[in-house]
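Next come the chains, spelled out residue by residue.
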Amino acid sequence: MFVGHGSPMNTLENNRYTEAWRALGQSVPRPEGIVMVSAHWYIAHSAVTAMDQPRTIHDFYGFPPELFAFQYPAPGAPELASRVAQLAEPNWVGLDADQWGLDHGTWSVLAHVFPEADIPVVQLSVDASKTIEQHMALGASLSPLLDEGVMVMASGNVVHNLGALNPALRDEASEWARAFDAATTHVMTTNPGDLGSVVTHPAFDLAVPTPDHFLPLAYIAGIADSVGETAQVLIEGGAMGSLTMTSYTVGTFN
């Protein structure tokens, strides 16, 4: 599953996106664990949280105190982290036992999908040195987890340009953002293995001025291509002109 997570305030709000996330959590089998790829752990290598109790990271500023007080005390899963590293071989994924935790790309979504915070969660970083195709390949390597009862999720935004925000378009995306989002949806729902082709779209540079929020989608595209499925749109929409909230699901886990 890929989730367009938008503002951290979605943690505390009830809107059509959070309602869709909550409905999803109520409709799927309870997973044994969750692997979350978050746009907000964008570093120079691949790493996965491997501590028993990951901390809740408040990686933002300028929001209400209630958001900084929010905690998502899900347990960690060191054995699942080791399994992720094993599946990724020969690519190296470091086991982070004490540095990171769960950032808002993870908990702003899981607060609605699994609000009890009682399912073990590991978070996988986004390696800034890898191409879209390399991220897709890493995603594909994680597909065996679906048969092991593990839910693989990714959190970012198809369109994420904070420099082009337009408050007048509170619940809408600009025309160029809608066009790029639609082109990405077409690829995800017809041939997810071709996700890299969207870099040639005329609006790509506007929609993806930095790759951090887009690359998590590559993991879900890689899984979909690996298992021979296409994605389904869970919910779509825009915000502030230059963000889109489109979320996709691929198959399920056993």
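For the structure itself, consult the block above.
The notes below deal with the structure included here. (Residues numbered from 1 in each chain as written. Predicted model: local features only at pLDDT ≥ 70, side-chain atom pairs only at ≥ 80, totals over all residues. Heavy atoms only, no water.)

**Focus on the packing of helix α5 (residues 132–141) against helix α8 (residues 216–227)**
Remark: α5 packs on α8, axes separated minimally by 7 Å, with the N-to-C direction vectors making an angle of 55°. The angle between α5 and α8 falls in the class oblique. Considering the relative orientation of α5 and α8, their crossing is right-handed. When α5 is examined against α8, the residues I132, H135, M136, L138, G139 and A140 are found in contact with a partner set consisting of A218, Y219, A221, G222, I223 and S226. Within the contact of α5 with α8, the residues separate by chemical class into eight nonpolar, four polar and no charged. (Axes fitted to C-alpha atoms, helices over the stretch in contact; angles between N-to-C directions. Helix = DSSP H or I, 4+ residues; strand = E, 2+ residues; numbered from the N terminus. Parallel < 35°, antiparallel > 145°, perpendicular 65-115°, else oblique. Left-handed = near helix turned anticlockwise from the far one by under 90°. Contact = heavy atoms within 4.5 Å. Nonpolar A, V, L, I, M, F, W, Y, C, P; charged D, E, K, R; others polar.)

**Points about the pairing of strand β7 (residues 121–127)**
Counting buried positions over the seven residues of β7 gives seven, a clear majority of the element. Both strand β2 (residues 33–43) and β7 contribute to a ladder of six bridges, which runs parallel. Bridging from a neighbouring strand, Y42 pairs with V126 of β7. (Buried < 20%, exposed > 50% of the residue type's maximum accessible area, 1.4 Å probe, protein only. Pairing = 2+ DSSP bridges.)

**Some remarks on the pattern of salt bridges**
Where charged atoms from two side chains of opposite charge approach closely, those side chains can pair. Taken as a whole, this structure holds three salt bridges when the rule is applied. Across the pair R83 and E148 runs a salt bridge, and its minimum N-O distance is 2.5 Å. Taken together, the positions of R83 in helix α3 (residues 78–88) and E148 in the loop between α5 and β8 (150–156) put the pair 65 residues apart, joining distant regions of the chain. Looking at R83, the relative accessible area reads 25%, which means it is partly exposed. For E148, a relative accessible area of 34% translates into the label partly exposed. (Salt bridge = Lys/Arg side-chain N within 4 Å of Asp/Glu carboxyl O.)

**Side note on the packing of aromatic side chains**
On inspection of all chains with the given rule, the structure shows six aromatic pairs. Judged by centre distance (6.3 Å) and plane angle (35°), the ring pair of F2 and Y248 falls under tilted. Taken together, the residues F2 in strand β1 (residues 2–4) and Y248 in strand β12 (residues 247–249) connect sequence positions 246 residues apart. Accessibility expressed as a relative area gives 0% for F2, which makes it buried. Take Y248: its relative accessible area is 0%, and that puts it in the buried class. (Phe/Tyr/Trp six-rings, centres within 6.5 Å; stacked < 30°, edge-to-face > 60°.)

**Comments concerning the packing of helix α1 (residues 16–27) against helix α4 (residues 104–113)**
At a minimum axis separation of 7 Å, α1 and α4 run at an interaxial angle of 60°. By the angle between their axes, α1 is oblique relative to α4. Here T18, W21, R22 and G25 of α1 come into contact with α4, specifically with S108, V109, A111, H112 and V113. Grouping the constituent residues of the contact of α1 with α4 by class yields four nonpolar, four polar and one charged.

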